[in-house]
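Architecture at a glance
Here is how the chains run, residue by residue.
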Amino acid sequence: DAEITQSPRHKITETGRQVTLACHQTWNHNNMFWYRQDLGHGLRLIHYSYGVQDTNKGEVSDGYSVSRSNTEDLPLTLESAASSQTSVYFCASRSGAATEAFFGQGTRLTVV
Amino acid sequence: AQRVTQPEKLLSVFKGAPVELKCNYSYSGSPELFWYVQYSRQRLQLLLRHISRESIKGFTADLNKGETSFHLKKPFAQEEDSAMYYCAQAGNAGNMLTFGGGTRLMVKP
């Protein structure tokens, strides 16, 4: 069955370190998204991609970057982790308009 | 910018009571609207979308363009409905989904 997976599920890192969160989907969806989930803020869009070599900034993109070298993967990189980036991160993909978005299981990141 | 507002962060009801989770959106055209649900420690999953006009697990949602609302309703809440509910919209900004702040529904026995 097609799926979307995130790794790692949990990560503890130190302030200032570079961290990369992986997202892999097997639906062959062009559209992929990264969100962070925080109490009181719901889900906020970090970055998104509409296809290979396409990346776009979302609402809260500062301190994050993504790359899209193939259809299946959209890794999220925290260039220099900060405590404010402690959060739960969700990756999602969808094929296009009016279609369901499928979410990964989430990555809980703690920056100490 | 697109905005989705869920005014209630927490909604607590007793089992068997009616439930209405409010959602207001900002897009002036013909938006795509969705309700997603997140059960404890699980990933978000689609509950329903306005284009399908369906009822899932007893929940329904009607698009009211005049009030720019897409409230989620269920006539008789069940304990297993306890979860986090997110309203989302996609509009002319491509296929990006914008989410509201979420409402935690607690159904008490």
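For the structure itself, consult the block above.
Criteria and cut-off values
- Residues numbered from 1 in each chain as written.
- Chains lettered and ligands numbered in written order.
- Predicted model: local features only at pLDDT ≥ 70, side-chain atom pairs only at ≥ 80, totals over all residues.
- Heavy atoms only, no water.
- Disulfide = S-S within 2.5 Å.
- Helix = DSSP H or I, 4+ residues; strand = E, 2+ residues; numbered from the N terminus.
- Buried < 20%, exposed > 50% of the residue type's maximum accessible area, 1.4 Å probe, protein only.

With that out of the way, let us pick up the state of the cysteines. All names here are of chain A. All chains considered together, the criterion is met by 2 disulfides over all chains. Here cysteine 23 is linked by a disulfide to cysteine 91, with a sulfur-sulfur distance of 1.8 Å. Where cysteine 23 bonds to cysteine 91 through sulfur, the torsion about that S-S bond is close to -70°, and the disulfide is left-handed. On the criterion of sequence distance, the pair formed by cysteine 23 in strand 3 (residues 19–25) and cysteine 91 in strand 9 (residues 87–94) is long-range, its members being 68 residues apart. Neither cysteine 23 nor cysteine 91 differs from the other in exposure class; each is buried.

Trans peptide bonds make up the majority, and among non-glycine residues the majority have a negative phi. For the peptide bond that leads from serine 7 of chain A to proline 8 of chain A, omega is -5°, which places it in the cis range. Counting through the fold element by element, proline 8 of chain A comes out in the loop between strand 1 (4–7) and strand 2 (10–13). Its identity is not glycine, yet asparagine 28 of chain A carries a phi of approximately 65°, on the positive side. Here asparagine 28 of chain A is to be found in the loop between strand 3 and strand 4 (31–38). On the basis of relative accessible area, asparagine 28 of chain A is assigned to the exposed category, the value being 54%. Residue lysine 57 of chain B is not a glycine yet carries a positive backbone phi of 55°.

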